[in-house]
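The chain contents come next:
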Amino acid sequence: MKIVIAEKPSVGRELAKVFGATTKKDGYIEGKGYSFTWAFGHLLQLAPPQEYGFIGWRRQHLPMLPKKFKLGIRKIKTKDGLVEDPGVRKQLDIIKKLFDEATEIIVATDAGREGELIFRYIYYFLKCKKPFKRLWISSQTDEAIKEGFRNLKPGTDYDTLFNSAHCRSESDWLVGMNATQALSISAGSRSVLSLGRVQTPTLAMICSRFLEIKNFVPQLYYQLAIQLDKDGQLFKAISVNNFDKKEEAEELFAKIEDVAAGFPNGGKILTVEAKPRKEPPPLLHDLSSLQQEANKRKGFTADQTLNLLQGLYESKLVTYPRTGSRYIGDDVFAGVPNLIDKLKDHKDFGKQADFLSTATLNKRSVNAKKVTDHHAILPTGESPYQLSGDKQAIYDMVVGRMLEAFHQECIKEITKITIEAGSVFMANGTVIRSAGWRSVFNESDDDKKDEENPSLPKVKAGEELPIVNKALLEKQTKPKSLYNEASLLKALETSGKDIEDEELRYAMKDSGLGTPATRAAIIETLINREYIVREKRNLVPTTKGLAVYDVVKDQKIAQAELTGQWEKRLEEIRSGASVADFKAEITDYTRTITNELLQSGTGLAEKFAKEEKPAEKVS
DNA sequence: GCAAGGTC
């Protein structure tokens, strides 16, 4: 019997279907000489410190540097504390039984670093010695799967990939566990002060933005505004220059020759520029972009959106949700017209679906090279039935985005008129000539509200128009906004782009901080630690969060660059570089950060202890 | 009591 092991049940079932295996067993599917089984993501995790004899949180244990890491079955939180997840235990038993019977093992976990690790941890935990082959595919279509099985690779081809994954895993443990205990202990062990490669830079981003706003000193500046009259149609123009000094603005303001002051034709048109601007449709959604949209439209947290989407996925209404790709391959694209056809009766989108069913579909989101482990989120074509309001809202965002993505460009006409009236003024106007994809949700531009001139009158250069109103505007420079979940998710995705070092920036170009699957959990962790709170839709640091930030802000652990450095080294390991060198570096860094935190955390608790409620102090 | 990673 050949055993195929997938990362998750949905993929295992899909593979079984392609082979025509139909006998459903508990935890696997059998048929045609194969058994198809699966994990549920990581079934195993690195054992916690106490399993190496580091009982209790004690200064003398630090740094904790296990000679050899142990694996343990994934735990879940219950009222009795952490216990082995019974579902995971059961599935591992099933996998063990199948491996024992296997004549051949075929690894079909996701084609990536973590997919490799998911399998290898199971394989080594079960002490399996049988050789295995690797299925490596980036598309789950029947043809891609068949082709992949005709081209199975020797398992050992991916040994270096496993090495890099293994290093990632152990390094996160070493740095995270040690830094967390070091800071918590030196601050007086009153509460858990967690630190980690991802959560701490994320906290730092939130805190530094908050402080930047708090310390922001608004600057006054002045603008001049005039209103002109073209044959009865009024429109507004603003001075091109801003003025720091009020006197300067007042001087120019006095020179504006308006009707009230006895000048019937005070504004002279200098230039008129009208050009069309084409807006391509947005790309299909990946998890992050959908979380951002759901946060903006409905105020859902990243975690809520992920849960709703997981529910839709389990009901087979949408494709795999934790994807980082906004593209689909040509094979998936071939099924899109059929998906669109099924929406013709939809109450909101029917008309657009009808239109698209005869139009040429835009292929901006079609690019097989940009499909990584999973493609962009699409509806499956199954008909939803009695969804909850929130689920329906998410489902509609997926469906609506699909229609948008394959729709036509939106064509706008942008008009710019410059006017001389003592100084130079400019009027901007935007008119939508052809709504294209924007007709799906029929909403105006959500990013920027265009100035008050939706459409400007037809004027010609050289024309002189009466100025019917003028105003001297006093304005203030504004600080950046606080992070909310949408802007934070975006910042996490792109955090690598701000890195100055070119190599580190390159190493992070496809990753950012965290992964699509983990970012929602990171936000929740920061909230659970009482480092940040939600205030309306904003994410605001607490006194505790700011105090922790103050201790670590100049340390490597608070910089996104740390992930960049790791990614660069991990990629080198994948290409065959020494594992021992990297491990030595990490061990070294673990010692350094642990010692530093044991010193610098002293006195930290006093900074926020008074803010804590008595009930929380007791524990 | 603790990381980050994956998933139900």
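Values in this document were obtained by computation on a predicted structure and should not be read as measured data. (Residues numbered from 1 in each chain as written. Chains lettered and ligands numbered in written order. Predicted model: local features only at pLDDT ≥ 70, side-chain atom pairs only at ≥ 80, totals over all residues. Heavy atoms only, no water.)

Chemist: Got a minute to help me understand the overall build of chain A in this structure?
Modeler: Check the secondary structure of chain A and you find 21 helices and 20 strands. Along the longest, intermediate and shortest principal axes, the C-alpha atoms of chain A span 95 × 65 × 45 Å. For chain A, the residues scored as buried account for 48% of the 619 residues in total. Long-range pairs, those at least 24 residues apart, make up 76% of the contacts in chain A with a sequence separation of at least 6. (Helix = DSSP H or I, 4+ residues; strand = E, 2+ residues; numbered from the N terminus. Buried < 20%, exposed > 50% of the residue type's maximum accessible area, 1.4 Å probe, protein only. Contact = heavy atoms within 4.5 Å.)

Chemist: Looking at this structure, I do not really get the nonpolar core. What am I missing?
Modeler: A general tendency of soluble globular proteins is for nonpolar side chains to be buried together. The biggest cluster of nonpolar side chains holds 123 residues, and the ones touching the most others in it are F99, I122, L309, I328, F406, L597 and L604. Here this core gets ten residues from one element, more than from any other, and that element is helix α5 (residues 159-186). When neighbours within four sequence positions are excluded, I122 is seen to be in contact with I5, A39, L43, L44, L92, I95 and F99. (Core = buried A, V, L, I, M, F, W, Y, C linked by side-chain atoms within 4.5 Å.)

Chemist: What is the right way to read the layout of surface pockets from this model?
Modeler: Put simply, the second largest pocket is a space of about 600 Å³. Along the wall of the second largest pocket there are 21 residues; nearest its centre are K67, K68, F69, H166 and E170. Mapped onto the lining of the second largest pocket, the elements with two or more residues apiece are α3 (113-125), α5 and α19 (579-600). Sort the elements by how many residues they give to the lining of the second largest pocket and α5 lands first, with six residues. Split by residue class, the lining of the second largest pocket holds twelve nonpolar, three polar and six charged. Counting only domains with at least three residues in the lining of the second largest pocket, you end up with domain 1 (2-151) and domain 2 (165-215 + 483-618). (1 Å grid on protein atoms, 1.4 Å probe; cavity = no way out; pocket = protein on both sides within 12 Å on 5 of 7 lines; lining within 4 Å. Points joined across faces, edges and corners; volume = space filled by probe spheres on them. Nonpolar A, V, L, I, M, F, W, Y, C, P; charged D, E, K, R; others polar. Domains from an automatic or database assignment.)

Chemist: Please explain a negative patch on the surface as it appears in this structure.
Modeler: There is a patch of like negative charges on the surface, built from D244, E247, E248, E250 and E251. Looking at where E251 falls in the secondary structure, it is placed in helix α7 (residues 246-254). On the accessibility criterion, E251 (52% relative accessible area) is exposed. (Patch = residues over 30% accessible without salt bridge, like charges linked within 9 Å, V, L, I, M, F, W, Y side chains within 5 Å. Areas by Shrake-Rupley, 256 points an atom, 1.4 Å probe, with all protein chains shown as cover. Salt bridge = Lys/Arg side-chain N within 4 Å of Asp/Glu carboxyl O. Lys, Arg positive; Asp, Glu negative; His and termini not counted. Charge placed at Lys NZ, Arg CZ, Asp CG, Glu CD.)

Chemist: Looking at this structure, how should I read a nonpolar patch on the surface?
Modeler: On the surface, L234, V259 and V468 cluster together to form a nonpolar patch covering roughly 210 Å² of accessible area. Along the chain, L234 turns up in strand β13 (residues 233-239).

Chemist: Explain helix α9 (residues 302-314) here, please?
Modeler: An α-helical turn contains 3.6 residues, so any two residues separated by three or four positions project in the same direction. Taking 1.5 Å as the rise per residue, α9 with 13 residues should run 18 Å; its terminal C-alpha atoms sit 18 Å apart, in good agreement. Buried within α9 are the following residues: A302, T305, L306, L308, L309, Q310, G311, L312 and Y313. Immediately beyond the C-terminal end of α9, within one or two residues, lies K316, with a positive phi of roughly 60 degrees. (Expected span 1.5 Å × (residues − 1).)

Chemist: I keep staring at unusual backbone geometry and nothing clicks. Help me out?
Modeler: Note: most residues except glycine have negative phi, and most peptide bonds are trans. A cis amide bond links L62 to the next residue, P63, at an omega of -5 degrees. Locating P63 in the fold gives a position in the loop between β5 (44-46) and β6 (71-73). Non-glycine residue K127 carries a positive phi angle of around 55 degrees. Here K127 shows up in the loop between α3 and β10 (132-134).

Chemist: Is there a simple way to think about the packing of helix α8 (residues 287-298) against helix α13 (residues 389-405) in this case?
Modeler: Helices that pack against each other are described as a pair by the angle of their axes relative to one another and the distance between those axes. The geometry of α8 relative to α13 is characterised by a closest axis approach of 11 Å and an angle of 120 degrees between their N-to-C directions. As summarised for this structure, α8 and α13 are arranged oblique, according to the angle between their axes. Crossing of α8 over α13 shows right-handed handedness. When α8 is examined against α13, the residues L290, E293, A294, R297 and K298 are found in contact with a partner set consisting of A393, I394, M397, V398 and R401. For the contact of α8 with α13, the residue count by class is six nonpolar, no polar and four charged. (Axes fitted to C-alpha atoms, helices over the stretch in contact; angles between N-to-C directions. Parallel < 35°, antiparallel > 145°, perpendicular 65-115°, else oblique. Left-handed = near helix turned anticlockwise from the far one by under 90°.)

Chemist: Help me understand the protein's contact with DNA strand B, please; the structure alone is not making it clear to me.
Modeler: The environment of DNA strand B is formed by 40 residues, the closest being H42, P49, R74, Y320 and T515. Each atom of DNA strand B within 4 Å of the protein belongs either to a base or to sugar and phosphate, the latter forming 63%. Taking H42, its main chain carries an N or O atom lying 2.7 Å from a base nitrogen of DNA strand B. Looking at the surface near DNA strand B, the elements with two or more residues in it are β5, α5 and α9. Ranked by residue count, the leading element in the surface near DNA strand B is α5, at eight residues. In terms of residue class, the surface near DNA strand B is made up of 14 nonpolar, 15 polar and eleven charged. (Near = heavy atom within 4 Å. Polar contact = N/O pair within 3.5 Å; in protein donor to acceptor, adjacent residues only side chain to side chain.)

Chemist: Looking at this structure, I do not really get the pairing of strand β4 (residues 34-38). What am I missing?
Modeler: Residues in a regular strand point their side chains to alternate faces of the sheet. The element β4 is extensively covered by neighbouring structure, given that five of its five residues are classed as buried. By the bridge criterion, five bridges tie strand β1 (residues 2-6) to β4 in an arrangement that is parallel. Residue K2 lies in a different strand from β4, and its bridge partner there is Y34. Note: strand β3 (residues 28-31) against β4, four bridges, orientation antiparallel. Its bridge partner lying in β4, E30 is registered against S35. (Pairing = 2+ DSSP bridges.)

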